[in-house]
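One letter stands for each residue in the lines below.
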Amino acid sequence: MPEMPTKLAEIVDEFAAAPRDVVLEMLLEYADIIPPLPAEIDREGMEQVPECQTAFFLRAQVQPNGTVLTWFDCPPEAPTTRAFAGILAEGLAGASAEQVLAVPDDLYQRMGLAQAISPLRVRGGTAILARLKRQVREQVG
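Now for a description of the structure that goes with this document. (Residues numbered from 1 in each chain as written. Predicted model: local features only at pLDDT ≥ 70, side-chain atom pairs only at ≥ 80, totals over all residues. Heavy atoms only, no water.)

What follows covers the nonpolar core. Phe-15, Phe-72 and Leu-107 are the most contacted members of the largest nonpolar core, which totals 44 residues. Elements supplying a minimum of two residues to this core: helix H1 (6-17), helix H2 (20-29), strand E2 (57-62), strand E3 (68-73), helix H3 (79-91), helix H4 (97-101), helix H5 (107-110) and helix H6 (119-140). (Core = buried A, V, L, I, M, F, W, Y, C linked by side-chain atoms within 4.5 Å. Buried < 20%, exposed > 50% of the residue type's maximum accessible area, 1.4 Å probe, protein only. Helix = DSSP H or I, 4+ residues; strand = E, 2+ residues; numbered from the N terminus.)

All chains considered together, the criterion is met by three aromatic pairs. Taking the centre distance of 6.1 Å and the plane angle of 50 degrees together, the rings of Phe-56 and Phe-72 count as tilted. Taken together, the residues Phe-56 in the loop between strand E1 (47-48) and E2 and Phe-72 in strand E3 connect sequence positions 16 residues apart. With respect to burial, Phe-56 and Phe-72 carry one shared label: buried. When the ring of Phe-84 is compared with that of Tyr-108, the centres are 4.4 Å apart and the planes differ by 55 degrees; the resulting orientation is tilted. (Phe/Tyr/Trp six-rings, centres within 6.5 Å; stacked < 30°, edge-to-face > 60°.)

Over its 12 residues, H1 runs 16 Å from end to end, which matches the ideal 16 Å to within 8%, given 1.5 Å per residue. Along H1, the residues classified as buried are Leu-8, Ile-11, Val-12 and Phe-15. One face of H1 carries all of its buried residues, which in axial projection span an arc of 100 degrees. Those residues of H1 that are exposed and angled more than 90 degrees off the buried face are Thr-6, Asp-13 and Ala-17. Turning to H1, the residues buried within the fold contact H2, H3 and H5. (Expected span 1.5 Å × (residues − 1). Arc of directions from axis to C-beta. Contact = heavy atoms within 4.5 Å.)

Limitation: the analysis is restricted to geometry and does not speak to function.
See the structure below:
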């Protein structure tokens, strides 16, 4: 059974071990990680995540070597949602399709975020992960 990527597991552990009062601060540090979309990719070829309170778009592409590339598009005025994407962007960098599919669906609960942010936001983050995994599954299936 493949495991989630080491980098993502480290991020999860770091959050899970952090005192509750700094979790939100830690989370928001990931909001700046998402690079702007490359010129050849626009929202047309991306999937919108309606569960998010803001306009959020994503795309996952399985490369010929089996690794997964991810793109996220989210407005700067939605730092929590951007942070979810930042965690995935960093944690899944260089990951294989199998590793991406092995990421637990309750990732954000495992990080202890359910106590730090609203259930609606956790649901948005969970939907981002679910759609990303579905796109990967469709390409390897």
